[in-house]
Amino acid sequence: MSERPVCAFLWLIWLFLTSFLWRCLFAVLWCCQYTPNPNSTLCPTLHDREPQKAVGGEGRVHRVMESTLTARDRVGVQDFVLLENYTSEAAFIENLRRRFGEKLIYTYIGSVLVSVNPYKDLEIYSKAHMERYRGVSFYEISPHIYAVSDNTYRAMRTERRDQCILISGESGAGKTEASKKILQYYATTCPVTDHMSTIRDRLLQSNPVLEAFGNAKTLRNDNSSRFGKYMDVQFDFRGAPIGGHILNYLLEKSRVVHQNHGERNFHIFYQLLEGGEQDQLSKLGLERNAQKYHYLVKGCCPRVSSINDKSDWKTVRKALTVIGFHEEEVEDLLNIIASVLHLGNTQFGEGEDGETQITTEPQLTYLSKLLGVDGPALREALTHKKLTAKGEEVSPLSFEQAVAARDALAKAVYGRAFTWLVAKINQSLAFKDEVYNSSKGSSSVIGLLDIYGFEVFQHNSFEQFCINYCNEKLQQLFIKLTLKSEQEEYEAEGITWEPVKYFDNKIICDLVEEKHKGFISILDEECLRPGEPSDISFLEKLEDTLGGHAHFVTHKLANGKTRKAVGREEFRLIHYAGEVNYTVNGELANQSVICQSDNQILSQCFNREEVTTQKRPETAATQFKNSLAKLIEILMSKEPSYVRCIKPNDAKQSGRFDEALVRHQVKYLGLMENLRVRRAGFAYRRRYEAFLQRYKSLCPGTWPNWQGRLADGVATLVQHLGYKPEEYKLGKTKIFIRFPKTLFTTEDALEARRPALALTLQTSWRGYRERAKYHRIRNAVIQSAWRGMKSRRKARRRRHAAEIIRKFIKGFIYRHYERCPENEYFLDHQRFSFLMTLVRNPPKSVLDKSWPVPPPSLTEASEHLCRLCMQNMMRAYCRRIQPEWKKQMEQKVVASQIFQDQKDSYPQSVPKLFVASRLGREFNLKVIQTLGNDKVKYGVAVTKYDRRGYKARPRQLLLTSSFAVLVAEAKLKQRIDYAALRSISVSSLTDGFMVLHVPSEDNKQKSDVVLQCDHVIEVVTKLATMADKKNKVNISQDSIKFAVARGKEGVIDFTSGPELKVAKGKKGHLLVVSSLAPGC
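Each chain carries its own residue numbering, running from 1 in the direction its sequence is written. Thresholds applied to this predicted model are a pLDDT of at least 70 for local features of residues and 80 or more for the giving and counting of side-chain atom pairs; totals over whole chains, interfaces and linings are not thresholded and use all residues. For side-chain calculations, the full set of non-hydrogen atoms in the structure is used, while hydrogens and water are omitted.

The name an unreviewed UniProt entry gives the protein chain is Myosin Ic, paralog a, with Oncorhynchus mykiss as the organism. UniProt positions are given in the numbering used here, feature names are shortened, and annotations may be inferred rather than shown by experiment. If you open the UniProt record of the protein chain and go to Subcellular location (unreviewed entry), you find "Cytoplasm, Cell cortex". In UniProt, the protein chain has this text filed under Sequence similarities (unreviewed entry): "Belongs to the TRAFAC class myosin-kinesin ATPase superfamily. Myosin family."

What follows is the structure, encoded as structure tokens:
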């Protein structure tokens, strides 16, 4: 057997062995994961999607999500749905505590993300982490805010449906930071252009501006959002952010005039005082000392160690510029901020007649200047009120009423300025391409709702009532959408839907918002009735209308045990999250004077019609109810995702977990109810391919590979594992497992199976290593033989090349000798080279005279070949010539014979074709009839000069086959027979003169004819050809003599000049001045 088939056979065996070995190795590695990473992921529960790659820390790739279940006793489960005792609140909190202790702050409840504030920076928000979660399915890797962001973004792109993310939690739970992380994720990972980069920057810079005007330091949080915010981020068809819009809810206006001990007013007041330039502060009438302002000292906390007001002021000013605020707008906005501080320092006293008056005149002066209003009108508005009853009456305010009016005005001014600020930011974020906006489906939206969670304080005001009412509506929306998505997935997989029992809080929502009977309707009715409304009358109205409702309790309606917990001026609502006692207080605001403000912002915020109209304004509760209804409508039109934020302690300390506080938040966020709804069906679901790929090693029938249908493979696997029918269901593409314990048992079986798999891996590796060693030795021998064979082939080629070179050199030396063995190879090579050169580069046309130089031995053959080649090309050329073109060339040859190097205008006539006639269809019918059978073959317009006097007369020269005729106005003036034509004379210059010489003895002729024509070369050529007088054309240098009559001669003298000129010269000669410009 030859060495080539042996090598090929061994190579095929090597490929087969290595391919089989690597398949076994990958199969074992797929099922064996030695080091469970607590940060990897959780198994999927709801809304499972196609698994994709997920790159973990240090370059690891997590392809399966259940690997952390074996470490559940240490780090807990990453989805509360997998809690065995899911009804236990203690088990829920214990799982949170375990994960918090391992610095795992994110946990799922199905598709809901629960976030615990770590109160320190964690290294999990870098760009590398963003890339880790980018494009990865929701449950593929560990829970994270980026997973929610990416899942929402991809759902928007693929399903082309608007999305929203609802973020809720107590103050200090991290809601604002969560919304920031979501915006940063989109700003970093989404495609962007120059225009879109501007929008992205404005979206990010809107956060510090809104935080400055809407956030404050509270006991629970140094940067607490004191308003609810809903932001829409608009994306184009490529997924790039192109615009945004913000809606604000429930700004805590009471904070403007009052703060609890240890709390501060809104950040912007302190930032202005600390960071504003001295000239600016002087212009505003402010001092760089927060202690001097009544509205800033009530909390006794003007400075906070964790807040740098001066640095934040620079950030805010830069952000205002980026967003697009003009300097005039910023100045008006700061005037309003300063005016609020001056309002707080406005003091009242009693005059001599007991009336209330303003005692701080400087404050009033600054207020009228900053607000742009009339000073006396402002004084009147702060100390008096207008009553409309059968006319307008002005009534003075008491001291307490004046203080309340001042505070109400401050809150109204700040609140409406904040609303204007949000509207201005919306103008900056709006996408302004009208053509783009008009195209249907051109963009999609992701909404971010950052709003208070359920709140319960010792004293709960109307603001807490609105907040809890909002959360009640959001809980109702969440339960509906959760059950809807569950039911849709069950129906898609062919699983029977079992109705889920849950607490429907619609009864509580109706208690608040039902027409004519609800809390808000009663509040509106009480506020609009004649007289002064009071808290007692309002409570009595509530007791009369809602007294029998199961979720409403007052001190009067409560039993003995409950009565102690409800004050006489309080009422209790039993919410889905617990019982809350509320106290309602009224507000007063005199805004009529502000409607006349010169401040551009205030003039937009306060409408004059609000004061002049007789229509009762809507109450705050009704306004909030309507805005909440609009918000719910917006959320219902989108596909929601949820983030529930929890703070672990009130001290803002990292690593501290206060179980009582966490339990309180778990209850009021409704997390247990969420979990119960999720667990009403199946706790775990997984696509067939992923489930079979992970657990196939546990069944001999599916190991190492299953070749049939995936559903059949999963059925074989679960049957071997001993699953009971009530523990699982098989859908169309997924397996549904009801109990987490079933999954944990399966995962434990896989863990027990791993040693055997590891042994298989070790055995395969040792075998591979030894076989690789053998192949290296064998390959070394084969390579040595192969290199020897290649070297021998190379040596043979070199010897052959050397022999050829030697023959060539010797032949070159003997090239001039007769053919002999020494020069035979060289001469043959010469002949071959000459012939190949001739084949590759023959002459291209009959005018191509190039021909390669032949060797001496082929000189005669080269001449024959050249002659044959030229003859062949000439024949081919002649065959291609058309008759018209042949005639044209014959005439050009005649012209060349006559005029070449003789007449100056000849070179310019060569490229111009001769025509059949220059007269076209101008032949007169009488002339044709006179000529009879003699057809005109050529005609041209000429000028005839008389023999006496040289008068120019226009004529037509017609050429027939036997004579030439001069015609004028249909009359034949002269006929010249070709036989009688003696010769033709022309000059050597560029003029167009010619003389036809005829015998003067002939009585039929009128002596010589002097003609001038623009086409003299063409005319002479055709005339000479037809008359066969080619040799009778005379070309004279200076003059031409012609016969005038018998015995008399005329002379034409020719000279050169700037232009053609014909005149009678001396001695009766005809003087022709030829132009220097050549003619034809």
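Caption draft 1: Main features of the nonpolar core. What we call a nonpolar core is a set of buried Ala, Val, Leu, Ile, Met, Phe, Trp, Tyr and Cys residues that are connected through their side-chain atoms within 4.5 Å. Each residue is placed in one exposure class: buried if its accessible area under a 1.4 Å probe, protein chains only, is under 20% of its type's maximum, exposed if it is over 50%, and partly exposed if it falls in between. One finds Y186, F213, I268, F269, L286, Y414 and I425 to be the most contacted residues of the largest nonpolar core, which totals 96 residues. We count a stretch as a helix when DSSP gives it H or I for four or more residues in a row; a strand needs E for two or more, and each element gets its number in order from the N terminus. At 13 residues, the largest contribution of residues to this core is made by helix 14 (residues 399-429). Pairs of residues are marked as contacts when any of their non-hydrogen atoms sit within 4.5 Å. For F269, the residues in contact, after removing those within four places along its chain, are L296, I337, V340, L341 and Y414.

Caption draft 2: Highlighting the pattern of salt bridges. The term salt bridge refers to a side-chain nitrogen of Lys or Arg lying within 4 Å of a carboxyl oxygen of Asp or Glu. Under the counting rule described, the total for this entry stands at 39 salt bridges. Here E274 makes a salt bridge to R303, at a shortest N to O gap of 2.9 Å. Here E274 is found in helix 8 (residues 267-275), whereas its partner R303 is found in the loop between helix 9 (278-284) and helix 10 (309-323), with 29 residues between them in sequence. The class of E274 is partly exposed, set by a relative accessible area of 22%. We classify R303 as exposed; its relative accessible area is 62%. With a closest N to O distance of 3.0 Å, E579 and R572 form a salt bridge. A relative accessible area of 10% means that R572 is categorised as buried. One network of salt bridges, with partners in common, ties together R226, E252, R255 and E263.

Caption draft 3: Spotlight on a negative patch on the surface. Patch criteria: residues need more than 30% relative accessible area and no salt bridge. Like-charged residues are merged within 9 Å; nonpolar side chains of Val, Leu, Ile, Met, Phe, Trp and Tyr are merged within 5 Å. Using a 1.4 Å probe, accessible areas were evaluated by the Shrake-Rupley method; residue-level cover was limited to the displayed protein chains. In this tally Asp and Glu are treated as negative and Lys and Arg as positive; neither His nor the chain ends contributes. To locate a charge, the coordinates of NZ of Lys, CZ of Arg, CG of Asp or CD of Glu are taken. Residues E350, D353, E355 and E400 make up a contiguous surface patch of negative charge. Residue classification places D353 among the exposed residues on the basis of a relative accessible area of 71%.

Caption draft 4: Representation of a positive patch on the surface. The grouping of R787, K790, R792, R793, K794, R796, R797, R798 and R799 at the surface amounts to a positive patch. Within the fold, R792 resides in helix 28 (residues 740-813).

Caption draft 5: Seen up close, the environment of R663. For R663, the position within the fold is in helix 24 (residues 659-668). We classify R663 as partly exposed; its relative accessible area is 32%. When the C-alpha positions of R663 and E89 are compared, they lie 7.8 Å apart, and in sequence the two are 574 residues distant. Beyond its immediate chain neighbours, meaning those up to four positions away, R663 contacts E89 and I93.

Caption draft 6: Unusual backbone geometry, seen in detail. With an omega of 0°, the peptide bond running from W703 to P704 counts as cis. The topology assignment puts P704 in the loop between helix 26 (688-695) and helix 27 (710-721). Although it is not a glycine, C300 sits at a positive phi angle of roughly 55°. With respect to the helices and strands, C300 occurs in the loop between helix 9 and helix 10. The class of C300 is exposed, set by a relative accessible area of 54%.

Caption draft 7: Here's a closer look at the pairing of strand 16 (residues 639-646). Among the eight residues in strand 16, seven count as buried, and that is most of the element. Sheet analysis places strand 2 (residues 112-116) next to strand 16, joined by five bridges and oriented parallel. Following the sheet pairing, S115 is matched in strand 16 by C645. Strand direction decides the pairing type here: strand 3 (residues 163-169) and strand 16, joined by seven bridges, are parallel. Within strand 16, the residue paired with Q163 across the bridge is E639. DSSP bridges decide pairing: two strands pair if at least two such bridges lie between them.

Caption draft 8: Region of interest: the sheet that holds strand 16. If you walk across this open sheet you meet the seven strands as 1-2-16-3-12-6-7, and the pairing is mixed. Bordering the open sheet on either side are strand 1 (106-109) and strand 7 (241-249), each of which pairs with just one other strand. Across this sheet, the average inter-strand angle for adjacent strands is 20°, counted without regard to direction. Where strand 1 lies against strand 2, four bridges are found, and the strand directions are antiparallel. In the strand pairing of strand 2, Y106 is matched with S115. Where helix 5 (residues 145-159) meets the sheet, it contacts strand 1, strand 2, strand 3, strand 6 (228-236), strand 12 (443-452) and strand 16, and its direction lies at approximately 155° from that of strand 3. Note on geometry: axes are lines fitted to C-alpha atoms, helical ones only across the stretch in contact, with angles between N-to-C directions running from 0 to 180 degrees.

Caption draft 9: Quick look at the pairing of strand 7. Summarising burial for strand 7: seven of the nine residues are buried, a large majority. Pairing analysis gives eight bridges linking strand 6 to strand 7, with the strands arranged antiparallel. The residue bridging G228 from the neighbouring strand is Y249, located in strand 7. Linking strand 6 back to strand 7 in an antiparallel pair, the connection comprises four residues, with G239 at a positive phi of about 90°.

Caption draft 10: Molecular detail of the packing of helix 26 against helix 27. As a packed pair, helix 26 and helix 27 sit with axes 9 Å apart at the nearest point and diverge in direction by 45°. When the axes of helix 26 and helix 27 are compared, the pair comes out oblique. As helix 26 packs across helix 27, the resulting crossing turns out to be left-handed. Of the residues in helix 27, those touching helix 26 at Y688, E689, F691, L692 and Y695 are L710, A711, G713, V714, L717 and V718. For the contact of helix 26 with helix 27, the per-class residue count stands at nine nonpolar, one polar and one charged. Relative orientations are named as follows: roughly parallel for angles under 35 degrees, roughly antiparallel for angles over 145 degrees, roughly perpendicular for angles from 65 to 115 degrees, and oblique for any other angle. Each helix crossing is assigned a hand: it is left-handed if the near helix lies turned anticlockwise from the far helix by less than a right angle, otherwise right-handed if that turn is clockwise. Basically, the charged four are Asp, Glu, Lys and Arg, the nonpolar ten are Ala, Val, Leu, Ile, Met, Phe, Trp, Tyr, Cys and Pro, and anything else, Gly included, counts as polar.

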